[in-house]
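# Coordinates in review
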Amino acid sequence: MSRLVAEIRAPTGTEPVRAGRRRLGRQERLAYMILLPALGTVFVIVTIPFVIAVFQSISSDDGTLIGLRNYARALSNPLLYEALRATGIYALIVLPAEILLGLAFALLVHRTVRRPGLRATLYVLAVLPLVVPPVAVGVVARLIYAPGYGVLNYLLQSAGITHSEIQWLGVPILAMGSVATVDIWQWTPFVYLVLFAGLQTVPRESVEAAQVDGATWWTQFIYIELHYLWPLFLLILFFRTADVLRVFDHVFILTGGGPGTTTQLLSLYMYRIEFKYFDAGQAAALAVVVLVSISVLYALVTRALPLERT
Amino acid sequence: MQRITRREFVKRTAVTSAAFTSLPAILAACGTSTGTSNKPSKLVIAAVKGNEDAPLKKVAPKYQSETGITMEIVEFPYDQLFEKLVTTFQANGSSYDLCMMDDPWMPKFGTMGALQALDSQFGFQRDSDIPAVVYDVGTWPPPHGPVPPSEQSKSQHLYGITIVGNVEMFMYRKDKSDAPKTWDDVLSNAKKYNAANFYGYVIRGKATNPVSSDSLPILWSFGGNVFDDNWKVQLDSAASIDAVTFLTRTLKTYAEPGAENTDAADRSRLMAIGQAYQSTVWPGEITDIVEDPSVSQVKGKVAYIPIPQGKSGKGLGMMGNWLLGIPKGSKNGSAAADFIKWMLKPDNMRNYVSNGGIPIRKSILNDSSLTAANPYFPALAQSFDAVPNWRPRTDQWNAVETSYGTAMNAAVAGQTSPQAAMQKAAGEIRTLMKNAGYPS
């Protein structure tokens with residue numbers, strides 16, 4: 001936009017106009033007009049609800065302003081820390097697994113698959129999990145893990161690996177693992193696609209020069225490819241962390257947050273506070289806290305990203 | 001032809017577009033009323049999607065043909081219906097003329113003042129053929145039991161009429177044993193019949209509402225409770241912990257694996273495929289699965305009885321009635337009330353039963369000619385006669401149930417001891433009720 005403004009500000013032979021006082025040029029007005037619907041939409045569906053949430057977070061049910069009391073209640077609720085703990089464990093399982101698996105697939109395909117047709121097929125296969133609604137994924141996963149009729153137990157018992165049913169959704173550690181595997185299945189392809197695209201930007205000459213110098217696949221990765229992938233890792237980490245804080249559907253369907261509160265992630269907890277406890281003030285306070293935390297995280301990640309700035 | 005300026009063109013286009021986009025809304029507004037204010041062209045019902053509203057959908061066209069009023073049934077899943085109704089009532093919306101309500105929702109809606117009074121506004125009177133408890137459950141503030149502090153000064157009115165006469169009962173395989181009279185009998189039968197791939201008892205242990213519904217009749221029958229008459233939390237009392245220990249430890253020994261994830265559909269399936277001996281049951285599960293010959297292998301082999309007696313000497317079933325009410329925002333209250341009255345007429349209720357409906361009229365429940373097709377009717381009539389318990393009448397019930405149901409789920413999963421689970425739930429509920437202005 002600054003370049004556009006600079007062009008528009010080019011004088012037309014008359015006296016230069018002082019910044020802030022000048023009239024908008026025709027192109028500039030057009031630019032603002034084109035932006036207006038998008039800005040209006042953002043204002044209606046993001047800004048207004050956010051302002052309402054902030055207002056709710058500092059008021060009681062009858063609209064009386066109560067300062068930070070809702071924040072104090074939200075932050076002193078021990079269930080919040082159970083939810084944060086569950087979310088942290090979930091993130092520690094899914095993020096490394098998705099990044100490592102996605103990277104492994106990307107490197108494997110980049111280095112071994114040369115036929116464009118096969119690459120395109122793998123691309124389509126990788127996109128499929130991403131477009132399946134999380135609710136459907138949850139329902140299918142339930143058919144896999146459910147006690148009594150779950151496919152996984154049937155296969156394990158048929159193969160003689162186990163002799164009795166494993167309670168995938170009933171034992172705390174297994175329940176967390178089960179809901180995490182669903183996330184890993186759905187989102188590893190996203191990591192793969194991003195990193196695979198990143199690998200295509202690595203200059204062929206650098207790789208060939210390294211190979212001539214006798215670089216192994218590992219040194220080639222560490223000293224050349226990783227340099228190009230690093231910003232993408234941070235990008236993935238940011239997007240996936242934000243996603244983990246929003247995970248809801250498949251966990252709700254698979255375990256409903258149980259056993260106990262083992263898989264009650266932050267989003268499930270906030271849902272309960274709002275729609276089960278109908279405590280709009282506390283839920284709004286939590287939402288604001290999460291939003292601010294995410295914004296801080298975003299600012300840190302953005303600073304760490306070695307992106308070109310104009 | 002006169003040329004128009006660009007400004008004029010934009011102005012005319014805007015006016016024409018506004019007129020066209022407003023037209024459907026204007027027509028719709030006209031369509032909701034056909035001349036007289038008493039007879040609208042359409043009534044909109046917010047309903048729960050599932051076996052509860054299926055019979056309603058089948059009989060509504062008859063009302064439509066008799067009156068000319070179109071019946072539009074908008075369905076939502078259970079949780080979403082509650083959320084939708086709360087947000088609609090908060091906005092005093094007029095989207096729905098009638099709403100289906102699970103009976104534990106009545107305190108919330110009653111406290112909000114969200115419904116139109118059926119007795120004072122539309123002349124509803126009690127019918128002796130309908131159990132008194134059915135009217136009581138639709139009355140706010142509640143006619144008996146503790147009343148929330150904020151509601152004690154309000155006068156009682158009828159706000160909802162039951163159209164699904166759900167009461168939680170008990171089912172067992174009658175081809176294997178006689179009816180259990182007590183929970184000790186239930187335990188000994190569970191022990192006796194438990195075998196590989198045949199479970200002595202089925203626990204509906206999924207977190208929150210499912211395990212709460214499954215365990216409350218046992219809790220009450222053992223003398224435990226959620227609250228006493230002064231809203232003091234009783235979940236960590238000796239009787240309550242004893243009941244929870246019985247279910248989550250003693251009886252669980254003979255229960256299906258993965259009980260902590262079992263919901264009503266899983267329970268019915270286990271019974272229907274002949275892999276379970278006994279459990280609690282809701283009427284909807286009976287007609288839909290256990291007695292449906294197209295999916296059940298045990299049709300005719302299962303008996304239905306009221307909840308067995310516990311250590312308190314009583315067997316207390318639990319109300320799960322679905323009511324019809326008229327939102328305050330509805331502009332068609334009189335026509336909506338007429339529909340409810342139509343549903344209650346004996347002939348229409350018989351038609352409703354023949355379409356799978358669960359009746360509330362004693363004369364229908366005790367009609368022996370209907371028992372063959374509805375083997376649970378006598379047990380349901382007995383359950384109504386015994387006056388089943390309702391869930392505590394507080395607008396905080398959803399939150400209470402979430403705490404209790406989460407703790408129960410942890411106990412069923414063996415994650416915590418029954419005592420620790422109940423102490424945790426009791427602590428959370430005490431804080432919650434205190435914050436809500438209750439004396440707990």
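This structure is a prediction, so every number in the text was calculated from the model and none was measured.

Analysis parameters
- Residues numbered from 1 in each chain as written.
- Chains lettered and ligands numbered in written order.
- Predicted model: local features only at pLDDT ≥ 70, side-chain atom pairs only at ≥ 80, totals over all residues.
- Helix = DSSP H or I, 4+ residues; strand = E, 2+ residues; numbered from the N terminus.
- Buried ≥ 20, exposed ≤ 12 C-beta atoms within 10 Å, placed from the backbone.
- Contact = placed C-beta atoms within 7 Å.
- Pairing = 2+ DSSP bridges.
- Domains from an automatic or database assignment.
- Nonpolar A, V, L, I, M, F, W, Y, C, P; charged D, E, K, R; others polar.
- Axes fitted to C-alpha atoms, helices over the stretch in contact; angles between N-to-C directions.
- Parallel < 35°, antiparallel > 145°, perpendicular 65-115°, else oblique.
- Left-handed = near helix turned anticlockwise from the far one by under 90°.

### Observations regarding the environment of lysine 49 of chain B
Residue and element names in this part refer to chain B. Position of lysine 49 relative to the elements: it lies in the loop between β1 (42–48) and α2 (54–67). Residue classification places lysine 49 among the partly exposed residues on the basis of 17 C-beta atoms within 10 Å. C-alpha of lysine 49 to C-alpha of isoleucine 241: the two residues are 192 residues apart in sequence and 35 Å apart in space. Among all residues touching lysine 49, those that are not within four sequence positions of it are Glu75, Phe76 and Pro77.

### As for the pairing of strand β10 (residues 322–325) of chain B
All names here are of chain B. Of the two faces of β10, the one holding Trp322 and Leu324 and the one holding Leu323 and Gly325 are both buried throughout. When strand β3 (residues 98–102) meets β10, the two strands line up antiparallel, connected through four bridges. Across the sheet, the residue bridging to aspartate 102 is tryptophan 322, located in β10. One ladder, built from four bridges, connects strand β6 (residues 160–164) with β10; its direction is antiparallel. The residue of β10 that forms the bridge with glycine 160 is glycine 325.

### Description of the domain arrangement of chain B
Residue and element names in this part refer to chain B. Segmenting chain B into domains produces domain 1 (39–164 + 319–385) and domain 2 (169–318 + 393–435). Using only C-alpha atoms to locate each centre, domain 1 and domain 2 end up separated by 26 Å. Domain 1 puts 20 residues into the contact, and the matching count from domain 2 is 21 residues. For the side of domain 1 that touches domain 2, the secondary structure elements donating two or more residues are α4 (106–112) and α15 (377–385). Per-element accounting of the side of domain 1 that touches domain 2 gives the leading share, four residues, to α15. Its residues placed into classes, the side of domain 1 that touches domain 2 shows eleven nonpolar, seven polar and two charged.

### Regarding the domain arrangement of chain A
Residues and elements named next belong to chain A. As assigned here, chain A comprises domain 1 (2–57) and domain 2 (77–304). A C-alpha centroid distance of 38 Å is found between domain 1 and domain 2. Of the residues lining the interface, four residues belong to domain 1; the matching set on domain 2 comes to six residues. Residue classes in the side of domain 1 that touches domain 2 are distributed as two nonpolar, two polar and no charged.

### Comments concerning the interface of chain A and chain B
Taken residue by residue, the interface counts 20 residues in chain A and 21 residues in chain B. Of the residues belonging to the side of chain A that touches chain B, the class tally is eight nonpolar, nine polar and three charged.

### Here's the deal with the environment of leucine 107 of chain A
Residues and elements named next belong to chain A. Checked against the element boundaries, leucine 107 lands in helix α4 (residues 78–112). On the neighbour-count criterion, leucine 107 (19 C-beta atoms within 10 Å) is partly exposed. Along the primary structure leucine 107 and phenylalanine 196 are separated by 89 residues, whereas in three dimensions their C-alpha atoms are 7.2 Å apart.

### Structural notes on the sheet that holds β3 of chain B
Residues and elements named next belong to chain B. Ordered by their spatial adjacency, five strands build an open sheet running β2-β1-β3-β10-β6, and the pairing between neighbours is mixed. Single-partner strands in this sheet number two, and they are β2 (70–76) and β6. Going from strand to strand, the sheet's axes swing by 30° on average, the running direction of each strand aside. With two bridges joining them, β1 and β3 adopt parallel strand pairing. Of the residues in β3, the one forming a bridge with alanine 46 is cysteine 99. Where helix α3 (residues 78–90) meets the sheet, it contacts β1, β2 and β3, and its direction lies at approximately 130° from that of β1.

### Comments concerning the sheet that holds strand β9 (residues 302–305) of chain B
Strands in a sheet are paired, the pairing made by backbone hydrogen bonds, and the direction either parallel or antiparallel. Residue and element names in this part refer to chain B. Here three strands make up an open sheet; going across it, the order is β8-β7-β9 and the pairing antiparallel. On the outer flanks of this sheet lie β8 (278–281) and β9, each paired with one strand and no other. The average undirected angle you get between the axes of adjacent strands in this sheet is 25°. Here four bridges tie strand β7 (residues 169–173) to β8, and the two strands are oriented antiparallel to one another. Considered in β8, the bridge of tyrosine 172 is made with glutamine 278.

### A closer look at the packing of helix α5 (residues 116–131) of chain A against helix α8 (residues 172–199) of chain A
All names here are of chain A. Relative to each other, α5 and α8 sit at 135°, their axes nearing to 8 Å. In terms of their interaxial angle, α5 and α8 are classed as oblique. As α5 packs across α8, the resulting crossing turns out to be left-handed. Across the interface between the two elements, Ala126, Val127, Pro129 and Leu130 from α5 touch Trp185, Gln186, Pro189, Phe190, Tyr192 and Leu193 from α8. For the contact of α5 with α8, the class distribution of residues is nine nonpolar, one polar and no charged.

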